Structure formats: C-alpha cells, structure tokens
Amino acid sequence: MLGLYIHFPFCVQKCNYCDFLSGPISSRDVVQDYLQALEKELTIYHDFLKRDGNLKLETIYLGGGTPSLLETHELVRVLEKCRDLFNWSPQMEVTLEANPGTVDIKKLVQLKKAGLNRLSFGVQSFDQNLLASMGRIHSPKMAKESIMAAKEAGFKNISLDLMYGLPEQSLGQWEETLVQTIELDVQHISVYGLKVEEGTVWGEWESEGRLSLPEEDVVLTMRKYANKILRQAGFVRYEISNYARPGYESRHNLGYWTGKPYLGLGLGASSDYWNRRFVNTSNMEHYIFLLKRGQLPVTEEEILSFRQRMGETIFLGLRLSTGLDLEQFKKRYGVEIEVIYGAEIEKLKKMGLLKINQGHLQLTTKAVSIANYVFTFFV
Ligand code: SF4
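Bear in mind that the values here come from a model prediction, so they are computed numbers and not experimental data.

**Student:** Account for the site of the ligand, with residues named and values stated.
**Tutor:** Surrounding the ligand, one finds Cys 11, Lys 14, Cys 15, Cys 18, Phe 20, Ser 22, Gly 64, Gly 65, Thr 66, Asn 99 and Gly 122. When the residues that make up the shell around the ligand are grouped by side-chain class, the tally is four nonpolar, six polar and one charged.

Written out as structure tokens, the structure is:
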C-alpha cells in the first residue's frame with residue numbers, strides 16, 4: 001500500500017507569502033512536455049513497484065502549485081495513466097488541490113468521473129482586502145461558488161485551507177472567516193499560521209520593516225478561536241493544523257505522519273521508499289530532459305540513520321492528537337522508546353509538555369502552541 005503525490009508547479013501568479021515550488025505557466029508547450037515527463041516517471045515507478053509486488057495505491061494527491069489550473073482533459077489523462085498502471089480501487093482517496101476560480105461544475109463532474117473523490121480548496125480567508133493583500137487570484141464570492149459547484153458535482157469530501165496571523169488581520173476578520181467556513185458545511189479544514197519565508201514578497205517587506213504583523217498574543221488568540229469555533233461546530237482536531245468531521249481525516253497526510261512509504265512525482269517532489277529519502281530536481285528543463293532519456297529525475301538521496309528515523313517517527317507522531325503509538329514504535333524499532341529517549345521524555349514531562357495516555361505519547365494542551373520546541377528534543 002502506497003501514497004502517491006504528484007506535483008504540478010503551475011500557478012496563475014505568485015502569492016506574496018508563497019515559497020512553494022510553483023510559478024506562472026510560461027507556455028502551453030511546457031505543460032505538454034511536463035505531462036509527458038510525468039507519464040514517463042509514472043511508468044518507470046510502475047516497473048519498479050511491479051517488481052516489488054506493490055502496485056496497490058492507498059491514496060493519490062495531486063498537489064502544487066495549482067493543479068486545478070490544468071485543462072480537464074490534462075488532469076483526466078494523469079488520472080487515467082495512474083488507473084492503467086496501478087491497482088485502482090474505489091476505496092482509494094484521490095485528492096486534487098484546487099484554487100477557487102479555476103474550477104467549474106463541468107470540470108468537476110468530469111474529474112469525479114475520472115476517479116477524483118476529494119477536493120482541497122486554498123481559500124485562506126473570506127476577507128476581500130486580505131485576499132488582495134496576499135496576492136490571491138480569487139474573491140470570497142468565487143471561493144463560495146467553487147465550493148457550491150463541488151457539492152453540486154457530487155463531492156462529499158471537501159477540505160478548505162485557511163490562514164491566520166496575516167498582516168493587518170484583526171481577530172474580528174479571523175472570526176468572520178471561521179464562521180463563514182462553518183456555514184459552508186465542508187468535511188475538513190486545515191488552519192495554518194503565517195510563517196514569513198525568505199525569498200517571498202512578504203519576506204522582503206519584513207526585512208525592510210514594511211510588514212505589519214499581528215502581535216504574538218493576538219496570533220495565539222486566533223489559534224484558540226479556531227480551536228474553539230471548529231470544535232463547537234463538530235470538527236475534531238486530529239493533527240496540530242488539521243480538523244475533520246469524524247471519518248474525513250486526510251488519509252494521504254496521515255500516511256506521512258504515521259511513517260508510511262510514499263512516492264513523490266513531478267518537479268521537486270520528495271519520496272520516502274525503499275528506506276531511502278529522495279528528491280527530484282527543481283529545474284524544469286532538467287526534469288523534462290532526464291525523463292526524455294528514460295532516467296529518473298532524482299538529484300538528492302539520503303539514507304536516514306536508525307536514530308534519525310526514530311526521531312522523525314516521534315515528532316511526526318506527536319503532531320497527531322492521538323499521539324505516538326508506543327507499542328507500534330517498539331514493534332518498528334525493536335526497542336522501548338524510553339531506552340533511547342528516556343531523559344528527553346522525562347524532562348518534557350516535568351515541564352508539562354508531554355504525557356503518556358493509553359499507550360500513546362502525546363503533547364499536552366500547553367505544548368501544542370510550542371510543538372516545534374518540543375520536536376527539537378528528538379531531532
Ligand atoms: S496558489 Fe498556492 S502554490 Fe500558487 S503561489 Fe499561491 S500559495 Fe503558492
């Protein structure tokens with residue numbers, strides 16, 4: 001069983017905060033070459049996986065960038081290629097990341113027919129001024145129309161991404177976005193706090209002192225608002241940044257957090273398979289060139305040490321509300337966690353940041369907002 005991630009690095013324009021591997025489409029020829037390269041990459045991995053007897057996929061995630069920017073027939077072609085090459089079952093979770101304004105009902109109906117069963121919309125905010133300042137291509141109205149179109153097309157598993165801690169964002173604006181989100185009655189919500197990254201427009205503005213970010217305590221209150229309002233609406237926080245109605249947790253992302261193998265295809269995508277971590281080139285010409293020659297476009301490869309793997313298993317497990325399953329950990333590594341990390345765990349327990357509950361190592365409520373600090377004990 002395997003998770004497959006396919007990256008589409010195309011967007012209408014670059015958002016002011018974004019450091020993902022994405023950018024505007026330079027020409028339709030590049031898209032065609034890219035799709036051909038992707039098909040070749042899928043075929044090469046198919047041959048490897050066939051040899052391993054592991055052609056059964058559990059999830060497919062078409063991410064980006066803005067994959068929904070591609071023409072319907074182009075996306076259908078990718079899904080059909082996956083269907084041809086791998087064991088496709090109706091139980092699979094097949095997700096498309098979509099930006100409001102890049103889908104309509106006709107497109108969504110066809111994608112659903114091709115096997116797509118989950119949509120993840122990058123909504124970010126329902127405030128027009130904030131959306132404009134972020135450099136988003138859509139309005140709140142367009143976001144709502146896209147979600148309604150998805151429902152009309154028959155999608156029953158819809159996720160929205162929201163962002164808080166934005167420049168000039170008030171608590172009131174954030175609360176209003178949460179309330180409008182709940183009214184849309186979707187199944188899954190991801191809530192991310194803004195991190196200003198170097199190399200982005202906002203990164204540059206921050207270094208020039210031109211970015212007016214909310215105070216830290218306001219950002220913390222925003223986080224708490226989200227938690228309270230989403231819980232009251234029946235969502236379960238199953239991961240630090242993710243809330244779902246029961247049964248609608250993202251299976252693809254749960255795969256990452258629980259250490260299942262995955263393959264990432266496309267520009268800059270990373271994989272964790274054959275006990276190796278490997279990453280594709282981020283250069284479009286190089287990516288296309290290598291695949292035209294029938295070569296995998298992998299440019300970095302790493303074999304994690306036993307200790308690195310263990311550390312990663314711990315901090316990914318701690319991201320989940322259920323925490324890290326200690327029995328599973330022992331089964332996987334053949335050793336009790338305390339033997340390796342006893343001192344760290346004791347210290348964090350004394351600080352009130354970790355607890356053990358029903359055989360699981362968990363972050364305490366107090367630790368959730370400083371989770372990255374806790375993780376540093378395991379890396
Ligand atoms: S749409 Fe998403 S991937 Fe594209 S630039 Fe904006 S944030 Fe980045």
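**Student:** Before we move on, can you summarise the nonpolar core with the specific residues and values?
**Tutor:** Core analysis: the biggest nonpolar cluster contains 78 residues, and Ile 60, Phe 121, Tyr 164 and Ile 189 have the highest contact counts within it. With six residues, helix α1 (residues 28-52) is the largest single contributor of residues to this core. Those residues in contact with Ile 60 that sit more than four places away from it in its chain are Leu 4, Cys 82, Met 92 and Val 94. One finds Leu 318, Leu 353, Leu 361 and Leu 363 within the second-largest nonpolar core, a separate group that totals 12 residues.

**Student:** Could you give me a rundown of the domain arrangement of the chain, with the residues and numbers involved?
**Tutor:** Domain annotation for the chain reports domain 1 (2-257) and domain 2 (306-375). With centres defined by C-alpha atoms, the gap from domain 1 to domain 2 works out at 29 Å. Listed as interface residues are eight residues of domain 1 and, on the opposing side, seven residues of domain 2. Among the elements of the structure, α8 (216-232), β9 (236-239) and α9 (251-257) are those that each provide at least two residues to the side of domain 1 that touches domain 2. Broken down by element, the residue count for the side of domain 1 that touches domain 2 peaks at three residues, all from β9. Looking at the side of domain 1 that touches domain 2 residue by residue, the class counts come to five nonpolar, no polar and three charged.

**Student:** Explain the environment of Val 30 to me, and be specific about the residues and the numbers.
**Tutor:** For Val 30, the location among the structural elements is in helix α1. With 15 C-beta atoms packed within 10 Å, Val 30 lands in the partly exposed category. For Val 30 and Met 284, which are 254 residues apart along the polypeptide, the C-alpha to C-alpha distance reads 8.7 Å. Residue contacts for Val 30: discarding those within four places in its chain leaves Ile 25 and Met 284.

**Student:** Just give me the short version of the pairing of strand β8 (residues 188-193), but keep the residues and values in it.
**Tutor:** Alignment of strand β7 (residues 158-164) against β8, held across six bridges, turns out to be parallel. Each bridged residue has a counterpart across the sheet, and for Leu 160 the counterpart in β8 is Ile 189. Read from β7 through helix α6 (residues 171-183) to β8, the crossover connection turns out right-handed. Bridging between β8 and strand β10 (residues 242-244) involves three bridges; their strand directions are antiparallel. Bridge pairing links Ser 190 to Asn 242 in β10.

**Student:** Give me α8: which residues, what numbers.
**Tutor:** Between its first and last C-alpha, α8 extends 24 Å over 17 residues, near the 24 Å set by a 1.5 Å rise per residue. Val 219, Met 222, Ala 226 and Leu 230 are the residues of α8 that are buried. Each buried residue of α8 sits inside an arc of 50° when the element is viewed along its axis, so together they form one side. Opposite the buried face of α8, by more than 90 degrees, sit the exposed residues Asp 217, Lys 224, Lys 228, Arg 231 and Gln 232. Along its buried surface, α8 packs onto β7, α6, β8 and β10. Positive backbone phi, approximately 95°, marks Gly 234, located one or two places after α8.

**Student:** I'd love a proper account of the packing of α6 against α8, names of residues and values included.
**Tutor:** The geometry of a pair of packed helices is captured by two quantities: the angle between their axes and the separation between those axes. α8 packs onto α6 with a crossing angle of 20° between their chain directions and a minimal axis gap of 10 Å. For the element pair α6 / α8, the angle class is roughly parallel. The handedness of the crossing between α6 and α8 is right-handed. Across from Leu 171, Trp 174, Glu 175, Leu 178 and Ile 182 in α6, the residues of α8 making contact are Val 218, Thr 221, Met 222, Tyr 225, Ala 226 and Ile 229.

**Student:** Quick one: what's the story with α6, residue by residue and with numbers?
**Tutor:** A rise of 1.5 Å per residue sets the reference length of α6, with its 13 residues, at 18 Å; its end C-alpha atoms lie 19 Å apart and thus fit the reference within 8%. Trp 174, Thr 177, Leu 178 and Thr 181 are the residues of α6 that are buried. Seen from one end, α6 has its buried residues packed into an arc of 95°, which puts them on one side. The exposed set on the far side of α6, more than 90 degrees from its buried face, consists of Gly 172, Val 179 and Glu 183. Of the surrounding elements, those touching the buried residues of α6 are β7, β8 and α8. Of the residues flanking the end of α6, it is Asp 185, one or two places downstream, whose phi is positive at about 55°.

**Student:** Please give an account of the pairing of strand β4 (residues 57-64) that cites residues and values.
**Tutor:** Of all the eight residues making up β4, seven are buried; the element is thus mostly covered by neighbouring parts of the structure. Where strand β1 (residues 2-8) and β4 come together, seven bridges link them in parallel fashion. From the neighbouring strand, Gly 3 faces β4, where its bridge partner is Thr 59. When β4 meets strand β5 (residues 93-98), the two strands line up parallel, connected through four bridges. Across the sheet, Thr 59 pairs through a bridge with Glu 93, a residue of β5.

The rules behind the values
- Each chain carries its own residue numbering, running from 1 in the written order of its sequence.
- With pLDDT at 70 or above as the cut-off, local features in this predicted model cover only qualifying residues; side-chain atom pairs require 80 or more to be listed or tallied, and sums for whole chains, interfaces and linings still use all residues.
- Should the C-beta atom of a residue, placed from the backbone, lie within 6 Å of a molecule or strand, that residue is near it.
- The classification used treats Ala, Val, Leu, Ile, Met, Phe, Trp, Tyr, Cys and Pro as nonpolar, Asp, Glu, Lys and Arg as charged, and all other residues, Gly among them, as polar.
- Note on terminology: a nonpolar core is any set of buried Ala, Val, Leu, Ile, Met, Phe, Trp, Tyr and Cys residues joined through C-beta atoms within 7 Å.
- With C-beta atoms placed from the backbone, a residue counts as buried when 20 or more other C-beta atoms lie within 10 Å of its own, as exposed when 12 or fewer do, and as partly exposed for counts between those limits.
- Only DSSP runs of H or I with at least four residues qualify as helices, and only runs of E with at least two residues qualify as strands; both kinds are numbered from the N terminus onward.
- C-beta atoms are first placed from the backbone for all residues, and any pair lying within 7 Å is then listed as a contact.
- By convention here, the domain bounds are inherited from an automatic or database domain assignment.
- If DSSP finds at least two bridges between two strands, the strands pair.
- By the criterion used throughout, a crossover qualifies as right-handed when its path from the first strand across the helix to the second strand runs clockwise, the strands pointing away from the viewer.
- A helix is expected to reach a length of 1.5 Å times the quantity of its residues less one.
- Taken from the helix axis, the directions to the C-beta atoms give the arc we talk about.
- Convention adopted: a line fitted to C-alpha atoms gives each axis, helices being fitted over their contacting stretch, and angles between N-to-C directions are expressed from 0 to 180 degrees.
- Each angle receives one of four descriptions, namely roughly parallel if under 35 degrees, roughly antiparallel if over 145, roughly perpendicular if within 65 to 115, and oblique otherwise.
- Should the near helix be turned counterclockwise from the far one by less than a right angle, the crossing is left-handed, whereas a clockwise turn marks it as right-handed.

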